[in-house]
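# Survey of secondary and tertiary structure
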Amino acid sequence: MTFIHTSDFQLGMTRWFLEGEAQVRFNDDREAAVVRLGELAAETGAEFIVVAGDVFEHNSLSKATLGRAKEAFRNLPVLVYLLPGNHDPLVADSILRKPFADNVHVIADSTPIEVREGVEIVGAPYLSKRANYDLVQAALAPLEPYDGVRIAVGHGQVEARESEADVIDLKFVENQISEGVIDYLALGDTHSTQALGQSGRVWFSGSPETTAFDDRERDSGNALVVVIDNGQVEVTPHHIGRWAFRAVAADVNSDEDVERFLTVLDDMPNKSRTAVKYGLRGTVGLGAQARLEQGLAELEPVFASLRPRERTMDLHLAPDEEELASLELSGFAADALAELVENLEDPVARDAANLLFRLSVKEA
């Protein structure tokens, strides 16, 4: 028996660093991820798809976003089971209470759902924005061992920095697996693909499309194809995402370092669907700074987003005497540059010095 485990579409999500056409492309690709899941199901012979929570970003979507999502789900070639998560809990006005197509089933409670003879799904849906108990344990505790295949679907974390009532008890889950109560727990909430515990049967699928930079979200854009055969479970991640959010850090202290950093950016594939935040450390002269700004200005329109990460930017401008002498400035221009160089910690002075340098070089 084969099925697909996915989660955290969060359809309707926006990213503050994407603007205009980039945000439109991002929205379209998040919806297209549903279509790609259907293609993956057809390729692998999956019988159904389980979405382990946060199908939607929230319960107040535009009619256009909801309509396109419903159309994408309706056209899936297999049954799909949607678990309400903390972003789209099954409250009174939940978007998941609206009618979907016949092939879409919302997991509204923890009553086992028979997919077909010998195959069950049992879910732990969010019925409010926050839970004050372990939803997965509450769903599984009443169940007896099952001779067929039973898939559990949950949403949440197995550990927390602070004591939280809704943390999933992983030890309890793995005990339920060893006793034959369930065969697999499909989890959502973490947006990176990750296996949990020792059984190999508890997984975060991660979001099928990237949602955060790779210094936090290290392996997203996947869907899991799960095969259960004679009591054995095999889980295979398949990459279906189109976007990349890259966090780049570099030490820049010379012309060569500048060129190396610009080459790293230029070598990135699929720039129109790549967002980059960069942090640079070091000290450069006027020429290197000018080349850096020129290169970034040429690349910025090509990327979905290319922005400095202000918190980690520590790049200083320090022209040497030889560099200043080579400009052959005199009179007021020379005095102005000398004054600016003495105040390079001031961003306005630094920008003015860079501009004067570029104009001087161009004039020469």
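Small disclaimer: the values here were computed from a predicted structure and weren't measured. (Residues numbered from 1 in each chain as written. Predicted model: local features only at pLDDT ≥ 70, side-chain atom pairs only at ≥ 80, totals over all residues. Heavy atoms only, no water.)

## Structural notes on the layout of surface pockets
Looking at the largest pocket, its volume works out to about 990 Å³. Lining the largest pocket are 35 residues, and of these Gln-157, Asp-189, Thr-190, His-191 and Arg-216 sit closest to its centre. Broken down by secondary-structure element, the contributors of at least two residues to the lining of the largest pocket are β9 (194-196), β14 (274-284) and β15 (305-308). If one sorts the elements of the lining of the largest pocket by residue count, β15 sits on top with three residues. In the lining of the largest pocket, the residues fall into 13 nonpolar, nine polar and 13 charged. (1 Å grid on protein atoms, 1.4 Å probe; cavity = no way out; pocket = protein on both sides within 12 Å on 5 of 7 lines; lining within 4 Å. Points joined across faces, edges and corners; volume = space filled by probe spheres on them. Helix = DSSP H or I, 4+ residues; strand = E, 2+ residues; numbered from the N terminus. Nonpolar A, V, L, I, M, F, W, Y, C, P; charged D, E, K, R; others polar.)

## Some remarks on the packing of aromatic side chains
A complete count under the given rule lists 14 aromatic pairs for this structure. Between the aromatic rings of Trp-243 and Phe-245, the centroid separation amounts to 6.1 Å while the plane-to-plane angle is 75 degrees, which identifies the pairing as edge-to-face. Residue class for Phe-245 comes out buried when judged on its relative accessible area of 2%. Joined through ring pairs, the aromatic side chains of Trp-16, Phe-17, Phe-26, Phe-213, Trp-243 and Phe-245 make up one cluster. Here the guanidinium or amino end of Lys-70 rests over the ring plane of Phe-100, the centre of that ring lying 5.4 Å away. (Phe/Tyr/Trp six-rings, centres within 6.5 Å; stacked < 30°, edge-to-face > 60°. Buried < 20%, exposed > 50% of the residue type's maximum accessible area, 1.4 Å probe, protein only. Lys NZ or Arg CZ within 6 Å of the ring centre and 35° of its normal.)

## What about the side chain of His-5?
Structurally, the position occupied by His-5 is in strand β1 (residues 2-6). Reaching out from His-5, the side chain makes a polar contact with the side chain of Tyr-184 at a distance of 2.9 Å. Setting aside residues no more than four positions away along its own chain, His-5 makes contact with Val-50, Ala-52, Tyr-184, Ala-186, Leu-187, Trp-203, Phe-204, Ser-205, Ala-223, Leu-224 and Val-226. (Polar contact = N/O pair within 3.5 Å; in protein donor to acceptor, adjacent residues only side chain to side chain. Contact = heavy atoms within 4.5 Å.)

## So, the pairing of strand β2 (residues 48-51)
Every other side chain in a regular strand lies on the same face of the sheet, so the side chains alternate between the two faces. The alternating pattern of β2 places Phe-48 and Val-50 and Ile-49 and Val-51 on opposite faces, both of which are buried. Alignment of β1 against β2, held across four bridges, turns out to be parallel. The partner of Ile-4 across the bridge, within β2, is Ile-49. For the handedness criterion, the β-α-β arrangement of β1, helix α1 (residues 21-44) and β2 is classed as right-handed. (Pairing = 2+ DSSP bridges. Right-handed = clockwise from strand over helix to strand, strands pointing away.)

## Observations regarding the pairing of strand β8 (residues 184-188)
Of all five residues making up β8, five are buried, and the element is well covered by its neighbours. Residues of β8 alternate between two faces, with Tyr-184, Ala-186 and Gly-188 on one and Leu-185 and Leu-187 on the opposite face, all of them buried. Where strand β7 (residues 149-155) meets β8, five bridges bridge the pair, whose relative direction is parallel. In the strand pairing of β8, Ala-152 is matched with Leu-185. Relative to strand β10 (residues 202-204), β8 is paired through three bridges, and the arrangement is parallel.

## Focus on the nonpolar core
One finds Ile-4, Phe-9, Ile-49, Phe-56, Phe-73, Val-80 and Leu-82 to be the most contacted residues of the largest nonpolar core, which totals 29 residues. Leaving out residues up to four positions away in the same chain, Phe-56 has contacts with Gln-10, Leu-11, Leu-61, Leu-66, Ala-69, Phe-73, His-87, Asp-88, Ile-95, Leu-96 and Phe-100. Of all hydrophobic cores here, the second largest spans 22 residues; its members include Tyr-126, Val-136, Ile-168 and Leu-185. (Core = buried A, V, L, I, M, F, W, Y, C linked by side-chain atoms within 4.5 Å.)

## Considerations on unusual backbone geometry
In this structure, Asn-230 is a non-glycine residue whose phi angle is positive, near 55 degrees. Inspection of the secondary structure puts Asn-230 in the loop between β11 (222-229) and β12 (232-239). A positive phi is found at Asn-270, a non-glycine position, where the angle reads about 50 degrees. Tracing the backbone shows Asn-270 in the loop between α5 (255-266) and β14.

## Notes on the sheet that holds β2
Spatially, β4-β3-β2-β1-β11-β12 is the arrangement adopted by the six strands of the open sheet, whose pairing is mixed. Each end of this open sheet is capped by a strand with a single partner; those strands are β4 (104-106) and β12. Each adjacent strand pair in this sheet contributes to an overall mean axis angle of 20 degrees, direction not counted. Note that β1 and β11 share four bridges and pair antiparallel. (Axes fitted to C-alpha atoms, helices over the stretch in contact; angles between N-to-C directions.)

## Some words on α5
With 12 residues, α5 should reach 16 Å at 1.5 Å per residue; the first-to-last C-alpha distance of 16 Å fits that figure. For α5, the complete set of buried residues consists of Asp-257, Val-258, Phe-261, Leu-262 and Leu-265. The buried residues of α5 occupy an angular sector of 130 degrees when the element is viewed end-on, so they sit on one face. Relative to its buried face, α5 has exposed residues pointing more than 90 degrees away, namely Glu-256 and Arg-260. Those residues of α5 that are buried are in contact with β13 (244-251), β14, α6 (286-299) and β15. (Expected span 1.5 Å × (residues − 1). Arc of directions from axis to C-beta.)

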